[in-house]
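Examination of the molecular architecture
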Amino acid sequence: MCGIAGALDARVQTGASDLEELGWAMAARLAHRGPDDAGVWRDERAGVVLAHRRLSIIDLSQDGAQPMRSADGRYLVSYNGEIYNHLSLRSELERAGRAFRGRSDTEVLLESVCEWGLERTLERLNGMFAFALYDRVERRLHLARDRMGEKPLYYGWFGGGFAFASELKAIRAHPAFEAEIDRGSLALYMRYGYVPEPFTIYRGIQKLPPGTFLTVPAGADAAATAPRRYWSVGALCAEGLAAPFRGDEREAVDELDALLRDAVHLRMCADVPLGAFLSGGIDSSTVVAMMQAQSPRPVETFAIGFQERDFDEASYARAVAQHLGTNHHELYLTARDALDAVPDMAQIYDEPFSDPSQIPTYLLARFTRTRVTVSLSGDGGDELFWGYDRYAHALSIWERLQRIPGGARAMVGLLGRSRAASAVLRRAPARWGWRAVVELAPAPDFRSLYRGLVSRWRERVVVGGEEPPTPFTEAPEGWPRSSPDQPVLLDLLTYLPEDILTKVDRASMAVSLESRVPLLDPRLVRFALRLPAELKRRGGVTKWILRQVLDRYVPRRLVERPKRGFSAPIGAWMRGELRPWAVDLLDGPRLRREGFLDAGLVEGRLADHLRGRGDWEWPLWSALMFESWLEAQAKPAPALPQTRGSPHRIRSIP
C-alpha cells in the first residue's frame, strides 16, 4: 500500500530540476500513505514526472522500491496496492522466459505489461490497485484503477498540464492548481454524504472510475482522452441474470466456502505483521474465521466499543474471538475521543465526506496500527449478500407504488409535503411503510425512488448547485429493470466505492495501515451476482448463504443479533459534547456569508435536532463535515509524518 503522484507538462517547457521538485512536493503530501521510502523519476524531454511513497509490505528490500523500471527499460511505474495473484502470474511469466530481480508484486505488474500488454494484464489481475505507467517508447502515460474502487486515483488538467495522485492533497501541491469548489458536486455531496465518481469537490478534477484506465499522450490536449473500461459491474450483473447459479443450496454453500477461504488465503500474504478488524457481525466474523482456520498461530483481531450501549458491539466481537482463539484487542471510545478526532477528518478525507462511522473507523485503524501493518476487513458483504434491510424495503415500497396511478402518486407526494402532513410524518416511526410511500410517491422509476430513500437532504440545500447525472438518474450499463438486484447494483456503483471503501482507505492510510477486503475478490463478486435472491435473503433473514458458511466455523448464537451497522452516536453527541462545535459551524450569519448552503433550512434542522423535535443526525453531519472541511482549506496543511527510511531517487534514464 502506497501513495502515487505525478504530472505531465503538455507544453514540455518544464526543466529537469522543476519536474523533480514538483515530484517531491507532491510525494511529501502523501507521506502518511508511505512512511518507509520515497522516490521520484522524471524525463524532462517528455515533461513527465512520477512520484511514489512506499509502505513496505512485500519484499521490504530496495528491490521493491519505486518508481520501478521494467527489465527492458521501456516502462516505469508508480503503483499503489496489492496484486494477490502475483505468485501465479510470476510463475507463468518465468515459464515465458521473463526474469525477476526481486520478490515484489510491482515487478510482476511491470513484466506482465511487457508480456501481455496493459489491457490484458488488467483483466488478469486479482487485487486492489491504482497505478501510473509511463511508456517511454510511445511516450504515453497510463492510469489504471482496480475493479471495485478499493484504491483511489484523482486526475485533472490545469495550467497547461496534467496531474494525478492518490489523494487530492497531492494535486493541491501543484503550483498551477486552483481550488474552485464545484457547486454541482457539492449538491451531490449534500444528498449522499460523499461526492460520487467521476466528480470531486473541485472543478476540473476527477476520480478515475473503478474498472477503467486512462491513456494520456505526452503533450496531449485535455479533450483528447477519456477513461476506457476493462471491467464493468453492470455487465457482470447482466451476465449473472442471464446465466444464474444452477446448483442446489448445498453446492452453493460449498462453493462460497471454498471461494472465501481462497480469497482470505491470498490476502494473508505479507512480510509484515497482519491482523483483522472484528465487530462480531457476520462479515468480519466470517473473514476472521477463515483466517484462523488457515493460520498456524492466533490471529491478531481488533475491536472498539462505546460507552453508549445501543452502539456497543465489543462484547459480540469478544465472544467470537474467544471461540476462534484469536489474540484479541479492545479499545473503548468516549465522546471526547470523537471530539478530538473531528478536526482530523478534513485532512484525512481531502474533500467533504460525512459517514458518521468515519470517526470510529479512523480510531480503530489507529489502534490496530499499534500492533500490525496489514488488517483484513469484512466490507462488501452487505452489498453482495443483501445485508441491508433497505433493499427489501425499497423493493416493497416500489411494488406498492406501482399499484397507484401516476397522477394519484403525484398528488400523494404534494400532500405529503404540506406542513400538516410533514409534522405527522416527522413523528411517525421509520418502520411505518406508508410514511416512505407518501414521501417517495412521485418517483417515476425505481432508481429515483432509491435515490430518495438514501438521500441525506431531499430538499435543494446548496445555493446555485445543480446535480450532474449519476447512476441514480441515468440507467447504468446492465440495468436489471425487473430484478431484485436493482438496489444492489446502485450500491455497488456508488455507495460501496464512494462511501465504504473511501472511508476504509483514508482512515487506514492516515495511520499507514494497509486494509484488505477479501469479500471483494472478483471471483466472489461474480459468484454473488449469479446467486438467486432467495439464497441471499430468506424469510426476512439477510445474508442467508453467508450465514450458512459461518455456521461451519462459529455457533449461530454468537453472531445472531439485530443489525446495527458500524457507527457512532453522533446524533446524541451533537446534543451533548459536540453541541458548541456544531452550533458554531452552522451559525446562520456564517452560512449566509459563505453563500454555499441554505442558511434558513440548515438552521431550522439544527434547532429541531437540538430540541429533540426530530432526528436530523445524517443531514446535519453532512453540513458539519462540509463546513469543517471548508474551514480547514483556509489553514496551512498540518505537519506530515517523517519517513522511517531514507528516500531514494531514480534519475532520468537516457
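For clarity, every value in this text was computed on a predicted model and none was experimentally measured.

So, the overall build of the protein
Looking only at helices and strands, the protein has 28 helices and 17 strands in total. Counting only contacts in the protein whose residues sit at least 6 apart along the sequence, the fraction spanning at least 24 positions is 74%. Accessible area for the protein stands at about 24700 Å²; split by element, carbon and sulfur atoms hold 50% of it.

Comments concerning the packing of helix α11 (residues 335-349) against helix α12 (residues 358-368)
One can describe the packing of α11 onto α12 by two numbers: an axis separation of 9 Å at closest approach and a directional angle of 90°. With respect to α12, the element α11 is oriented roughly perpendicular. Contacts between α11 and α12 involve Asp337, Ala338, Ala341, Val342, Asp344, Met345, Ile348 and Tyr349 from the first element and Gln358, Ile359, Tyr362 and Leu363 from the second. In the contact of α11 with α12, the residues fall into nine nonpolar, one polar and two charged.

A look at the packing of aromatic side chains
One pass over the structure, following the stated rule, counts 21 aromatic pairs. Plain terms: the ring middles of Tyr192 and Phe472 are 5.0 Å apart, the flat faces sit at 20° to each other, and that makes the pair stacked. On the criterion of sequence distance, the pair formed by Tyr192 in helix α6 (residues 183-192) and Phe472 in the loop between α18 (446-454) and α19 (486-493) is long-range, its members being 280 residues apart. Pair check on accessibility: Tyr192 and Phe472 agree, each one buried. Taken together, a centroid distance of 4.7 Å and an interplanar angle of 10° make the contact between Tyr349 and Phe353 stacked. For the residue pair Tyr349 and Phe353, the accessibility class agrees, reading buried in each case. Aromatic ring contacts, followed pair by pair, group Phe158, Phe177, Tyr202, Phe596, Phe626 and Trp629 into a single cluster. The ring of Phe100 carries Arg90 above its face, with NZ or CZ at 4.4 Å from the centroid.

As for the confidence of the model for the protein
For the protein, the average pLDDT comes to 89, and 89% of its residues sit at 70 or higher. Note that pLDDT drops below 50 for residues 639-654; the model gives that stretch 48 contacts with residues more than four away or on any other chain.

Some points on unusual backbone geometry
Between Gln66 and Pro67 the backbone carries a cis peptide bond, its omega angle lying at -5°. Following Glu197, the chain continues into Pro198 via a peptide bond in cis, with omega recorded as 10°. Inspection of the secondary structure assignment puts Pro198 in the loop between α6 and β10 (205-207). Here the phi dihedral of Arg139 falls at roughly 55°; this positive angle occurs in a residue that is not glycine. Mapped onto the secondary structure, Arg139 falls in the loop between β6 (127-135) and β7 (140-145). Under the relative-accessibility criterion, Arg139 is labelled partly exposed at 37%.

Remarks on the pattern of salt bridges
Pairing between side chains becomes possible if they bear opposite charge and their charged atoms approach one another. Summed over all chains, the structure comprises 53 salt bridges. With a closest N to O distance of 3.3 Å, Arg590 and Glu631 form a salt bridge. You can see Arg590 sitting in helix α26 (residues 588-594) and its partner Glu631 sitting in helix α28 (residues 617-633), a full 41 residues away along the chain. Classification of Glu631 as partly exposed rests on a relative accessible area of 31%.

A word on the sheet that holds strand β11 (residues 212-217)
Reading across from one edge, β4-β5-β6-β7-β11-β12 is the order of the six strands in this open sheet, with antiparallel pairing throughout. In this open sheet, the two edge strands, each paired with only one partner strand, are β4 (68-69) and β12 (228-229). Pairing geometry for β4 and strand β5 (residues 75-83), over two bridges, is antiparallel. From the neighbouring strand, Met68 faces β5, where its bridge partner is Val77. Docked against the sheet, helix α3 (residues 105-116) engages β4, β5 and β6, running at close to 125° with respect to β5.

Thoughts on the environment of Pro217
With respect to the helices and strands, the residue Pro217 is situated in strand β11. Setting aside chain neighbours within four positions, we find Pro217 in contact with Leu8, Arg139, Arg140 and Thr225.

Some words on α3
A rise of 1.5 Å per residue sets the reference length of α3, with its twelve residues, at 16 Å; its end C-alpha atoms lie 16 Å apart and thus fit the reference within 8%. Burial analysis of α3 places eleven of its twelve residues in the buried class, the great majority of the element. Listing the buried residues of α3 in full gives Asp105, Thr106, Glu107, Val108, Leu109, Leu110, Glu111, Ser112, Val113, Cys114 and Trp116. Buried residues belonging to α3 abut β4, β5, α2 (86-95), α4 (118-124) and β6. Positive backbone phi, at 90°, marks Gly117, one or two positions downstream of α3.

Overview of the sheet that holds strand β8 (residues 154-158)
Taken together, six strands build an open sheet; the order of strands is β2-β3-β1-β9-β8-β10 and the sheet is antiparallel. Every interior strand has two partners, whereas the edge strands, β2 (37-43) and β10, have only one. Sheet twist, expressed as the average angle between the axes of neighbouring strands with direction ignored, equals 10°. In the sheet, β8 pairs with β10 via three bridges, with the strands oriented antiparallel. Note on β10: the bridge partner recorded for Tyr155 is Gln206.

With respect to the side chain of Ser377
Inspection of the secondary structure puts Ser377 in the loop between β16 (374-376) and α13 (381-384). At 2.8 Å, the side chain of Ser377 forms a polar contact with the side chain of Asp379. Ignoring any residue separated from it by four or fewer positions in sequence, one finds Ser377 in contact with Phe277, Val287, Ser515, Arg516, Val517 and Pro518.

Observations concerning the pairing of β2
Counting buried residues in β2 gives seven out of seven residues, a clear majority hidden from the surface. Here β2 shows two buried faces, one formed by Asp37, Gly39, Trp41 and Asp43 and the other by Ala38, Val40 and Arg42. From the end of β2 to the start of strand β3 (residues 48-54), which pair antiparallel, there are four residues, and Gly47 there has a positive phi angle of about 70°.

Focus on helix α14 (residues 389-401)
For α14, spanning 13 residues, the distance from its first C-alpha to its last is 18 Å, which sits close to the expected 18 Å at 1.5 Å a residue. Listed in full, the buried residues belonging to α14 are Tyr391, Ala394, Ile397, Trp398 and Leu401. Seen along its axis, α14 keeps its buried residues to an arc of 135°; they face one direction.

Criteria and cut-off values
- Residues numbered from 1 in each chain as written.
- Predicted model: local features only at pLDDT ≥ 70, side-chain atom pairs only at ≥ 80, totals over all residues.
- Heavy atoms only, no water.
- Helix = DSSP H or I, 4+ residues; strand = E, 2+ residues; numbered from the N terminus.
- Contact = heavy atoms within 4.5 Å.
- Areas by Shrake-Rupley, 256 points an atom, 1.4 Å probe, with all protein chains shown as cover.
- Axes fitted to C-alpha atoms, helices over the stretch in contact; angles between N-to-C directions.
- Parallel < 35°, antiparallel > 145°, perpendicular 65-115°, else oblique.
- Nonpolar A, V, L, I, M, F, W, Y, C, P; charged D, E, K, R; others polar.
- Phe/Tyr/Trp six-rings, centres within 6.5 Å; stacked < 30°, edge-to-face > 60°.
- Buried < 20%, exposed > 50% of the residue type's maximum accessible area, 1.4 Å probe, protein only.
- Lys NZ or Arg CZ within 6 Å of the ring centre and 35° of its normal.
- pLDDT = per-residue confidence, 0-100.
- Salt bridge = Lys/Arg side-chain N within 4 Å of Asp/Glu carboxyl O.
- Pairing = 2+ DSSP bridges.
- Expected span 1.5 Å × (residues − 1).
- Polar contact = N/O pair within 3.5 Å; in protein donor to acceptor, adjacent residues only side chain to side chain.
- Arc of directions from axis to C-beta.

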